[in-house]
Amino acid sequence: MTIILSEILEGKKSVALGGHVRPDGDCVGSSMGLYMYLTENYSELEVDLYLESIPKAFSIIQRTEEVKHEIPEGKQYDLFICLDCGDEQRLGFSAPLFKNAAHTLCIDHHVSNNSFAEINYIKPEASSTSELVFGLLDKEKISKSCAEALYMGIAHDTGVFQYSCTAPETMEAAAELLRKGIDGSEIIDKTYYEKTYVQNQILGRALLESMLILDKKAIVSVVSKKEMEFFEAVSSDLEGIVSQLRLTKGVEVAMFLHEIDTQKYKVSLRSKGAVDVSKVAQYFGGGGHARAAGLTMKGSEHDVINNLAAQITLQMSGKKPEEA
């Protein structure tokens with residue numbers, strides 16, 4: 001499906017933007033990029049962006065202080081645009097605005113997206129939602145600050161242009177954004193590679209306490225709620241741990257568990273290609289991509305690991321869940 005953004009905006013007076021819970025680089029990049037583009041080129045529009053608290057590293061992107069973290073009582077918009085979000089529940093606190101909006105649009109690249117909006121621009125083959133947003137904009141009207149946000153989003157969801165989702169079109173989009181005069185190296189260093197002391201501590205602990213399972217084809221690590229409190233860490237401090245685990249030689253799948261409540265875990269999955277982790281995540285109510293997915297599971301640490309391992313084993317054997 002092809003859409004024309006200017007046509008969708010025609011006749012609208014108010015627009016809300018929203019992204020998924022625990023916003024990552026692509027969510028923040030695509031949301032901020034579109035937010036700046038609309039506010040800079042559609043002065044007649046009332047535009048608001050709603051996201052949960054974003055990692056401090058992303059404050060390198062201009063105007064992030066304008067992001068709203070609460071919804072006004074009784075507020076309604078002509079159009080709600082959700083970005084990088086696979087289902088309505090993943091919108092979190094901004095979901096009521098989506099439900100009450102006169103019209104809705106979803107821009108996303110998750111294969112698990114169930115086309116829950118009125119208009120759905122879903123392209124699972126795209127590297128990132130930021131790349132999709134770039135494709136919808138008038139290139140002449142993209143400002144330097146907008147370009148910085150979109151470049152960050154593309155860089156994050158491609159693992160700095162290393163993942164298999166990096167297509168020629170991805171590199172061409174990045175090149176066009178660089179021509180806006182942005183400092184791509186600084187954006188990558190400050191938002192992707194640079195870590196705080198706490199982040200390095202908890203990464204070290206996660207690596208030291210990791211385990212190889214499934215004949216050393218999978219690696220798993222767990223960070224408990226108590227350990228989070230000990231390190232005085234927050235969820236955003238865990239960014240990148242599962243990707244580092246995935247780099248282990250001989251491993252096909254990486255699993256990282258983060259305890260968010262008593263016997264409730266946020267699970268991040270990464271694959272080198274042999275296992276479609278989006279199918280594993282979907283089986284337990286989550287979603288994502290073939291090589292990067294996530295979900296939330298309840299149970300003991302060992303139960304969660306064992307249940308995930310069982311589905312990963314089925315993937316490796318070529319069987320479907322119903323054949324188990």
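The following paragraphs examine the structure supplied in this document.

Cut-offs applied
Just so you know, the residues in each chain are numbered from 1, in the order the chain's sequence is written. Predicted model: local features are reported for residues with pLDDT of at least 70 only, side-chain atom pairs are reported and counted for 80 or more only, and whole-chain, interface and lining totals are derived from all residues. Based on all heavy atoms of the structure, the side-chain values leave hydrogens and waters out of the count. Throughout this description, the term nonpolar core refers to a set of buried Ala, Val, Leu, Ile, Met, Phe, Trp, Tyr and Cys residues connected via side-chain atoms within 4.5 Å. Classification of residues uses two cut-offs on accessible area relative to the type maximum, computed with a 1.4 Å probe and protein chains only: under 20% is buried, over 50% is exposed, and between them is partly exposed. For this analysis, residues touch if any pair of their heavy atoms sits within 4.5 Å. Every case where a carboxyl oxygen of Asp or Glu lies within 4 Å of a side-chain nitrogen of Lys or Arg is listed as a salt bridge. A run of DSSP states H or I qualifies as a helix once it reaches four residues; a run of E qualifies as a strand once it reaches two. Both are numbered from the N-terminal end. DSSP calls a pair of strands paired once it identifies at least 2 bridges connecting them. To get an axis, fit a line to the C-alpha atoms, keeping to the stretch in contact for a helix; angles then go from 0 to 180 degrees between the N-to-C directions. To sort the angles, those under 35 degrees are grouped as roughly parallel, those over 145 as roughly antiparallel, those from 65 to 115 as roughly perpendicular, and the leftovers as oblique. Throughout, a crossing is termed right-handed when the near helix is turned clockwise from the far one, and left-handed when it is turned anticlockwise from it by less than a right angle.

### Points about the nonpolar core
Among soluble globular proteins, nonpolar side chains are generally buried collectively.
In step 1: Grouped together as the largest cluster of nonpolar side chains are 51 residues, with contacts concentrated most on Leu17, Met32, Leu34, Leu38, Ile81, Ile107 and Leu137.
In step 2: The residues touching Met32, leaving out its near neighbours within four places in the chain, are Leu49, Ile61, Gln62, Arg63, Thr64, Val67 and Ala149.
In step 3: Residues Ile213, Val275, Ile305 and Leu308 belong to the second largest nonpolar core, which totals 22 residues.

### Let's talk about the pattern of salt bridges
In step 1: A full pass over the atoms with the stated rule returns seven salt bridges.
In step 2: Asp261 is the salt-bridge partner of Lys225, the closest N and O atoms lying 3.8 Å from each other. In this pair, Lys225 is assigned in helix α9 (residues 225-231) and Asp261 in strand β8 (residues 253-261), connecting sequence segments 36 residues apart.
In step 3: Since its relative accessible area comes to 39%, Asp261 is described here as partly exposed.

### Considering the sheet that holds strand β4 (residues 103-108)
In step 1: Overall, parallel pairing links the five strands, which are arranged β2-β1-β3-β4-β5 in an open sheet. Here the strands that pair on one side only, and so sit at the sheet edges, are β2 (46-50) and β5 (119-122). For this sheet, the mean inter-axis angle between neighbouring strands, taken without regard to orientation, is 15 degrees.
In step 2: Looking at chain direction, strand β3 (residues 79-83) and β4 are connected through five bridges and run parallel. Bridging across to β4, Phe80 finds its partner in Thr104.

### Topic: unusual backbone geometry
In step 1: Even without glycine at this site, Arg22 takes up a positive phi of about 50 degrees.
In step 2: Counting through the fold element by element, Arg22 comes out in the loop between β1 (14-19) and α2 (25-41).
In step 3: Among the residues examined, Arg22 registers a relative accessible area of 38% and is labelled partly exposed.
In step 4: One non-glycine residue, Lys216, lies in positive phi territory at about 65 degrees.
In step 5: With respect to the helices and strands, the residue Lys216 is situated in the loop between β6 (211-213) and β7 (218-223).

### Focus: the packing of helix α5 (residues 144-157) against helix α6 (residues 168-178)
In step 1: Direction vectors running N to C along α5 and α6 enclose 150 degrees, while the axes themselves pass 9 Å from each other. As summarised for this structure, α5 and α6 are arranged roughly antiparallel, according to the angle between their axes. Between α5 and α6 lies a crossing of left-handed hand. Where α5 abuts α6, its residues Ala147, Leu150, Tyr151 and Ile154 lie against Thr170, Ala173, Ala174, Leu177 and Leu178.

From the geometry alone we can't say anything about function, so treat these as descriptive.
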